Amino acid sequence: IMAQGKGPQPQVNKLDNMLGSLQSDLHKLGVQTVAKGVCGACCKPIVGQVVTAMGRTWHPEHFVCTHCQEEIGSRNFFEREGQPYCERDYHHLFSPRCYYCNGPILD
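Cut-offs used in this document
Residues numbered from 1 in each chain as written. Predicted model: local features only at pLDDT ≥ 70, side-chain atom pairs only at ≥ 80, totals over all residues. Heavy atoms only, no water. Helix = DSSP H or I, 4+ residues; strand = E, 2+ residues; numbered from the N terminus. Buried < 20%, exposed > 50% of the residue type's maximum accessible area, 1.4 Å probe, protein only. Polar contact = N/O pair within 3.5 Å; in protein donor to acceptor, adjacent residues only side chain to side chain. Contact = heavy atoms within 4.5 Å. Pairing = 2+ DSSP bridges. Phe/Tyr/Trp six-rings, centres within 6.5 Å; stacked < 30°, edge-to-face > 60°.

Caption draft 1: Summary view of the environment of arginine 97. Along the chain, arginine 97 turns up in the segment after α2 (87-94). For arginine 97, a relative accessible area of 34% translates into the label partly exposed. A polar atom in the side chain of arginine 97 sits 3.1 Å from the backbone oxygen of asparagine 102.

Caption draft 2: Focus on α2. The complete set of buried residues in α2 reads Asp89, Tyr90 and His91. Buried residues along α2 sit against β3 (77-80) and β4 (83-86).

Caption draft 3: Structural detail: the pairing of β4. By the bridge criterion, four bridges tie β3 to β4 in an arrangement that is antiparallel. Bridging from a neighbouring strand, phenylalanine 77 pairs with cysteine 86 of β4. Between β3 and β4, which pair antiparallel one after the other, the connecting turn spans two residues, and glutamate 81 there sits at a positive phi close to 50°.

Caption draft 4: Region of the structure containing the side chain of aspartate 89. Residue position: aspartate 89 is located in helix α2. Under the relative-accessibility criterion, aspartate 89 is labelled buried at 5%. A polar contact of 3.4 Å, which involves the side chain of aspartate 89, links it to the backbone nitrogen of cysteine 68.

Caption draft 5: Looking closely at the packing of aromatic side chains. Summed over all chains, the structure comprises five aromatic pairs. An aromatic cluster is defined as three or more aromatic residues linked by ring pairs; in this entry it consists of Phe78, Tyr85, Tyr90 and Phe94.

Shown next as structure tokens:
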């Protein structure tokens, strides 16, 4: 394909297409979907579950730890310089260390 000058085709985000189709189908049936905000990560409207944290709204799958990229969901998290961190990574990266064992001091 590359030799013919066509190059690789960009992948279409299937989830975005499915959500767009669902919204369109619901709209045709007279069901109004109301956005609950705009996601702080992808800047797309949020319909359905929403996470509200740090003064912004997020799709649940987009509210992730800055370091490990795992979903934070409803677990405890820490904010540093406007970025969310899961508890484990925050303590590993930023907590003071014990002189004896070099482990993070959590209190």
